[in-house]
Amino acid sequence: MQPRAPYVPIAPLTLAPDAAIDLQMHTTFSDAQWSATQLLDHVAGEGFALVAVTDHDRPDTIGEIQRLADQRGVRVLPAVEMSSTWQGDLCDVLCFGVHAGPSALASIAADTCRRQAENVREVYDALERAGYRFPRTDEVLAVRDGELRQLDDLLALLSAHGYTEGVGSALRAAGYEWMNVDLGAIVAAAHQQGAVALLAHPGRGDGFACFDAEQLDRLRTTVPIDGLEAHYPTHTPEQVQAYLAYARTHGLLVSAGSDCHGKPSQPPIKYPAALCRDLLARLGITVA
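A brief look at the structure comes next.

Criteria and thresholds
Residues numbered from 1 in each chain as written. Predicted model: local features only at pLDDT ≥ 70, side-chain atom pairs only at ≥ 80, totals over all residues. Heavy atoms only, no water. Axes fitted to C-alpha atoms, helices over the stretch in contact; angles between N-to-C directions. Helix = DSSP H or I, 4+ residues; strand = E, 2+ residues; numbered from the N terminus. Left-handed = near helix turned anticlockwise from the far one by under 90°. Contact = heavy atoms within 4.5 Å. Nonpolar A, V, L, I, M, F, W, Y, C, P; charged D, E, K, R; others polar. Phe/Tyr/Trp six-rings, centres within 6.5 Å; stacked < 30°, edge-to-face > 60°. Buried < 20%, exposed > 50% of the residue type's maximum accessible area, 1.4 Å probe, protein only. Lys NZ or Arg CZ within 6 Å of the ring centre and 35° of its normal.

With their axes 10 Å apart at the nearest point, helix α1 (residues 36-46) and helix α2 (residues 62-72) run at an angle of 35 degrees to one another. Between α1 and α2 lies a crossing of right-handed hand. Facing Ala36, Thr37, Leu40, Asp41 and Ala44 of α1, the residues of α2 in contact are Ile65, Leu68, Ala69 and Arg72. Per-class residue counts for the contact of α1 with α2 are six nonpolar, one polar and two charged.

Right, let's get into the packing of aromatic side chains. Applying the stated criterion across every chain yields a total of six aromatic pairs. Note on Phe134 and Tyr163: the rings are 5.9 Å apart at their centroids and 75 degrees apart in plane angle, and the pair reads as edge-to-face. One end of the pair, Phe134, is in the loop between α3 (104-129) and α4 (137-142); the other, Tyr163, is in the loop between α5 (151-160) and α6 (167-173), and 29 residues separate them in sequence. The exposure class of Phe134 is buried, given its relative accessible area of 6%. Aromatic ring contacts, followed pair by pair, group Tyr124, Tyr132, Phe134 and Tyr163 into a single cluster. Its guanidinium or amino end placed over the ring of Phe48, Lys270 lies 5.8 Å from that ring's centre, counting from NZ or CZ.

Residues other than glycine seldom take positive phi values, yet Asp57 does so here, at roughly 60 degrees. Of note, Asp57 is situated in the loop between β3 (50-53) and α2. With phi around 50 degrees, Gln87 is a residue other than glycine that occupies positive phi space. Positionally, Gln87 belongs in the loop between β5 (84-86) and β6 (89-90).

Next comes the structure, spelled out in structure tokens:
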């Protein structure tokens, strides 16, 4: 099947070069502490000109996010962060300009969420069999979208019940697995619907792949990635400059995101729109 041409995901928009944007943010639809309402109220109050809500593997929530954003006068790019792997390493990918509704990407995301939720429930049962007790489950999950479906739900339950020592070992012993999909399959599905796919936090490490120029060269021989999230809170200034230089050399798009999860330690960041001029232009948004 031939890929669709890129489309304009929101109404025509022109931004000043210094307009505030943040292209990676999360809500309780995935693994954050803020609900979509809380996040959008915050960015509206702070005067962000454009944001992307990139909940992990949740393109199914794009319509609801847009509805809530429209009520608050917030401009939101339809986007998702997909859980992927490359050569055995975790490697998230940001997909911008995603269509709502059925698609190959939506099918991949739904399957990933289903497998993760099944595994999390199995781990919960295994922990109970091992002697862990969670009498406050309904209370704890009520503020986490009411469902037990991901690692952060388990961590919240463990913490709320005083289980703070040896948590990682306990989860591994109970059979926790991080569900993901091959990076190439995700990029192909994104391109099929005219979306663009960028490597999220390529220099993060901390259990995720940490790319240098040589690794990026190898990746691009098999996966036609569109760009890099060069601007990221934990990237060093040297990493940022290296990723920007690599993007310029190879004609890649650049994004900028806070990876906000509603935690005081990692709030939304007001990046100037000019940093992402080419990416925004690809999505039909002009930076004057």
